[in-house]
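# Structural description and commentary
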There are 2 protein chains.
Amino acid sequence: MTLIPASSDFSTRLAAQLPENTLSGAQAGYLEEPRGRFFGAGGILARPRNAAEVATILRACNEARVAVVPYGGGTGLVGAQVMPEGPTPVILSLERMKAVRAIYPLENVLVAEAGCILADVQAAAAEAERLFPLSLGAEGSARIGGNLATNAGGVNVLRYGNARDLCLGLEAVLPNGEIWNGLTRLRKDNTGYDLRNLLVGSEGTLGVITAAALKLYPRPRSVGTAMMVVTSPQDALELLALAREMAGESISAFELLHGQGLRFVRDRLPDVRLPLNDIPDWSVLIELGMSKAADAALEALFEAALEVRLVSDGVIAQSDGQRSELWGLREHIPIANKAVGSVASHDISLPLGVVPDFIATADARVAALGPFRVNCFGHLGDGNLHYNVFPPEGESREAYNDRRHAVSDAIYDLVHSFGGSFSAEHGVGRLKVADLQKFGDPTRLAAMRAIKAALDPHGIMNPGAVL
Amino acid sequence: MTLIPASSDFSTRLAAQLPENTLSGAQAGYLEEPRGRFFGAGGILARPRNAAEVATILRACNEARVAVVPYGGGTGLVGAQVMPEGPTPVILSLERMKAVRAIYPLENVLVAEAGCILADVQAAAAEAERLFPLSLGAEGSARIGGNLATNAGGVNVLRYGNARDLCLGLEAVLPNGEIWNGLTRLRKDNTGYDLRNLLVGSEGTLGVITAAALKLYPRPRSVGTAMMVVTSPQDALELLALAREMAGESISAFELLHGQGLRFVRDRLPDVRLPLNDIPDWSVLIELGMSKAADAALEALFEAALEVRLVSDGVIAQSDGQRSELWGLREHIPIANKAVGSVASHDISLPLGVVPDFIATADARVAALGPFRVNCFGHLGDGNLHYNVFPPEGESREAYNDRRHAVSDAIYDLVHSFGGSFSAEHGVGRLKVADLQKFGDPTRLAAMRAIKAALDPHGIMNPGAVL
C-alpha cells in the first residue's frame, strides 16, 4: 500500500468540497505530544463541523491514498496523535464538534460529539444530577472521542469500567467515508458484530468516532476519601479485600501510592500539602461512594484494618476541601514525576494476585541495572501500575538514556511472564508497536491485521500506529 | 464460496487426526431447537476435549471447505445452533470441555471451559463466596461458551451487564484453526483491537470460544425481593427512577410483569402460587442486593412510592422461600406462554424513556390486526421487553399463522421508529437474518461482511447465521 503526500493540489480540491476555513496548515501544536518523543512532520489540518464533513474528508483521502491522523485533545502518551514520518497526512481534529447533543436523565444517557472536552461531559452530567465517571488527569483538555479511541482508564475504572464500558453507541465514519449511524441509547442490542468495541480502542486506525452515546450513573450522595498507610503492596491488597468485604461495590477508587512519588512531590512541588507528617513507604488512597454515611464506612474500615494491623496510620477527609487535597496529592504525582524526569515509564497491568510478587521482583531487576529510583504507583484496584524508573538523586535522565531500553525490556519481559500487559490504559500508539509485535498473541495479531485490511484496505487511517 | 458436504471420507480422515470417539453421527437432539422452527439436516458430531482438538477440526474443515456449526447447550431461541439447509456440516459440541479450570477469589476471576453449564459456573462462584451474576431461565442447560457467543442477557443485566460485560478474556479457535490464547485475568489491557468483544455475540460465525476468564462479584449480603403493583408502564418507569434515587446501584433486577402473563400462569400452571389475590394489570418484580438491610430499603421504597401513588399494593418476600416463590412466578411466565402458544414473540429493546409510549402504540397496532392477546413483560430496567402476541382465548396459534408476519412486521417497524432493536438479548441466529438486513445500518452491515470475509474467507463458520 503506497500512500501519497497530501499535496496543495489535493488540498485545493478537497477544500472545494467543504465550507470555508475547514482546512488550513497544521500549526506546531498539532505536531507534538506531551512526552516530547514524537514530532509530526507537518500536514493539512482539517477541522470539520459534523459527520458529513468528516465523511467528505475521509472519502477524498481514501480515493487519493492520503493518510489521515485523527486528533482529539492531543493528551495521549504513546504518540498515536502525531505521525513523524511518511507522506504528509491530513490531521483531522474534532475540536469543532464539541456539543453535548442531548441528555436523558431518566435513561442515564448523554450524547456528546467527539470533540467535547471530557470535563465538559462531566459537567453536563453533573448539571443533570448524574455522574459521568470517566476521570483522569488530562480531563481538562482530553476530548471524549480520543478517550474512546484509546479506551481511556483513570481513577474510577475499578467501579465503573474503562471508557469502553461507558459507551452505548457510536456515530463514526469508516475509512471509505461511509457514516455509521450507531448512536443507540439501548442497554441491550444483540444484532450482530460489535463494531462499537472494535472502534473503541483502535486508536484511529479503523475509522473516526464523531459522536457517542455515553452511560451516566447516579451521583453517590455520600462520598468518603481517605489515605491509609500500609506496610507493603501485599497489605494494600489485603486492605482492598477487606474493603470489598465491608463496602462491596461502593469502592470508587483504590490507588496505591509510593513514598518515592510523595518525596518527588515534596521536593519539586513544595506548595502541595502532604497530609501526613512522615512520608510512608506505601499508602493507599481510597474513595467510597454510597447512598449515605461513606465517612462512617471509612472509619469502620480503618478501625477493622488497624485491628488486624493492615494499616498503621491514616487520614479521612473531613470536608470537600480535604478531599480535594488528597486527590490533589494523587494528581500531582505525575507532575512531579515529569519535573524529575524518568528514565523509563511503564503503564502496566497484572493479575491482582501477583502484584506484590511482581513489584518485589521488578525492584530487584531494576536495581541490578543501575542505581535507579523507582516510583511505583497507580490504580491498584484494577491491577494497573505505573512503574516509573528515575535516575539517582542529583543526576539527570539523559545520563541513563543508554539503559532505557534495558530497563524497559526487563520490566516488560517480567510483566509478560506474570501474565500482565505492557499497556494497561495508555494504548499502543507509535511508542509500543514493537512491544505489541513482541508480546502480542500471534493469532490475535494476524486477526487484527486481517481486520485492518478489511476495513481500511488502503491503509490511510493513522499509519504507523498500533500495527 | 462453495462449501462441500462433510463426507464419510472426510470424516474418516479427520477421525484419524483425533482421539477415538471424538466423531460420531449427529443424533436428533443436536438437530432441533427449543421453538421447533429449525431442524438440522444431519451432520458429523464432533465432541473435542480441548482447544487443540477444536483447532484440528477447524483446520480440517477450513481446508476441505466443510461447514462448522458450533453447539453449546442448544437453548438459543433464534436457531443459531442448527443448520437446516446446505452441505452436511460438522456439528461441534463443546460438551466435553466443561471444567472450571481455576478460580481466583481475591481477583474476582473464574476461568471456565466453554462447555461448562451456566449453573455450574454460578455454583463454583458461590462456593468461593462470590457471585457470577449471569442468570437466565435456561441456566440449568445453557453452556457458558454459548452464553458468550450469543452475548446472553437475563435478569441481572441492569446491575451487572450482559455476558459481554462479564468476560475478561477468551481462549478461542479462529476459522483457520489457529488458537488465540487470550485468557487474561486483566481488568485493563489496551493493546490493540478488541477481538474478545468481536467474538462475543458473533454467534459462532467468526470462531469457536473454547474457554473464558469471567468476572466475579461480591455476593450481596442482604437481598430483598418484592412485587409491587403499578397502574401503568409509565408508573413502573417512575418507580424505577425513585428506586434508583433511593437505592442507587443496588437494584439487581427490575422486571415488568403484565396481567396477561399472570393469567396464563394461573390458567396453565395451577400449581404456581400467585402472591396477590387479584391479578394486577401491571406489576414489577424488584430485587435489591446490599451490604445490609435490603428488606428495610424495600419497605422504604414501597412507602415512598405509596405516598406519591406510584404503587397501590405489593408484597415483600419475608424469607428465602417467598423470594423463590416470587422469582418462580417470573420464571413460569415463559413456560405458561409456551403452553398457550404465541402467534409471534418479540425480544425487543427500546430507549427507556419511550417504553410507555411504545407499549400503548404497539397495543393499538396489534389490536388493529386481530383479536389478539398481548403479554408484554421483561427486563424493564434495561428497556428490554418480551412483547408476545397470542391468539384469543379458546383459539389456537395455528389459526393465526397467516398473520404472524404482519404482526411481527408491525412490531419491528414500530420498534425501529422508536430507536429500538429487534433483538435485545436473543441474537440474530437464523430467525432474524432478514430483519438485520432490513433494519441494520448499511455501513455497519458492510463492515460486518468485510470482517466476516477477513476472518472466515471460506465461510465455513455457521453458514446462514447472522449474515
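Procedures and definitions
Residues numbered from 1 in each chain as written. Chains lettered and ligands numbered in written order. Predicted model: local features only at pLDDT ≥ 70, side-chain atom pairs only at ≥ 80, totals over all residues. Heavy atoms only, no water. Domains from an automatic or database assignment. Contact = heavy atoms within 4.5 Å. Buried area = accessible area lost by both parts, 1.4 Å probe. Salt bridge = Lys/Arg side-chain N within 4 Å of Asp/Glu carboxyl O. Helix = DSSP H or I, 4+ residues; strand = E, 2+ residues; numbered from the N terminus. Buried < 20%, exposed > 50% of the residue type's maximum accessible area, 1.4 Å probe, protein only. Polar contact = N/O pair within 3.5 Å; in protein donor to acceptor, adjacent residues only side chain to side chain. Phe/Tyr/Trp six-rings, centres within 6.5 Å; stacked < 30°, edge-to-face > 60°. Lys NZ or Arg CZ within 6 Å of the ring centre and 35° of its normal.

Moving on: the domain arrangement of chain A. The parts lose accessible area when they come together, and the size of an interface is often stated as this lost area. Residues and elements named next belong to chain A. By the assigned domains, chain A splits into domain 1 (100-218) and domain 2 (222-417). On a C-alpha basis, the centres of domain 1 and domain 2 stand 28 Å from each other. Each side of the interface is counted separately: domain 1 has six residues, and domain 2 has 13 residues. Together, the buried faces of domain 1 and domain 2 total about 780 Å²; carbon and sulfur atoms form 54% of this surface. For domain 1, the biggest contributors to the area lost against domain 2 are Val 155, Leu 158 and Arg 159; these three give 77% of the whole. Along the contact surface separating domain 1 from domain 2 lie zero salt bridges.

Take unusual backbone geometry next. Trans peptide bonds make up most of the peptide bonds, and negative phi angles are found at most residues other than glycine. In this structure, Glu 129 of chain A takes a positive phi of about 60° despite not being glycine. With respect to the helices and strands, Glu 129 of chain A occurs in the loop between α3 (118-127) and β7 (130-131). A residue is classified by how much of its surface remains accessible, and Glu 129 of chain A, at 61% relative accessible area, is exposed. Its identity as a non-glycine residue notwithstanding, Asn 462 of chain B has a phi of 45°, on the positive side. Locating Asn 462 of chain B in the fold gives a position in the segment after α14 (442-455).

Opposite the 75 residues of chain A that make contact, chain B presents 75 residues. Interface of chain A and chain B: buried area, both sides summed, is about 6100 Å²; carbon and sulfur atoms make up 56% of it. When residues of chain A are sorted by the area they lose upon contact with chain B, Lys 188, Asn 190 and Tyr 193 of chain A head the list and together hold 18% of the total. Across the pair Lys 188 of chain A and Glu 425 of chain B runs a salt bridge whose closest N-O atoms are separated by 2.8 Å. Our enumeration of links across chain A and chain B arrives at 40 residue pairs in polar contact (both at pLDDT 80 or more). Looking at the side of chain A that touches chain B, the elements with two or more residues in it are α5 (157-160), β9 (179-182), α6 (195-199), β11 (217-218), α7 (233-247) and α14 (442-455) of chain A. Tallying contributions element by element places α14 of chain A first for the side of chain A that touches chain B, with nine residues.

A separate point is the packing of aromatic side chains. Taken as a whole and judged by the stated rule, the model has 18 aromatic pairs over all chains. Measuring from ring centre to ring centre gives 5.3 Å for Phe 372 of chain B and Tyr 400 of chain B, while their planes differ by 65°; the resulting arrangement is edge-to-face. One end of the pair, Phe 372 of chain B, is in the loop between α11 (355-369) and β17 (373-379); the other, Tyr 400 of chain B, is in the loop between β18 (384-390) and α12 (404-417), and 28 residues separate them in sequence. The same class applies to Phe 372 of chain B and to Tyr 400 of chain B, which are both buried. Connected via pairs of aromatic rings, a cluster forms that spans Phe 358, Tyr 387 and Phe 418 of chain A. For Arg 185 of chain B, the ring lying beneath its charged end belongs to Tyr 104 of chain B, and the centroid distance is 3.8 Å.

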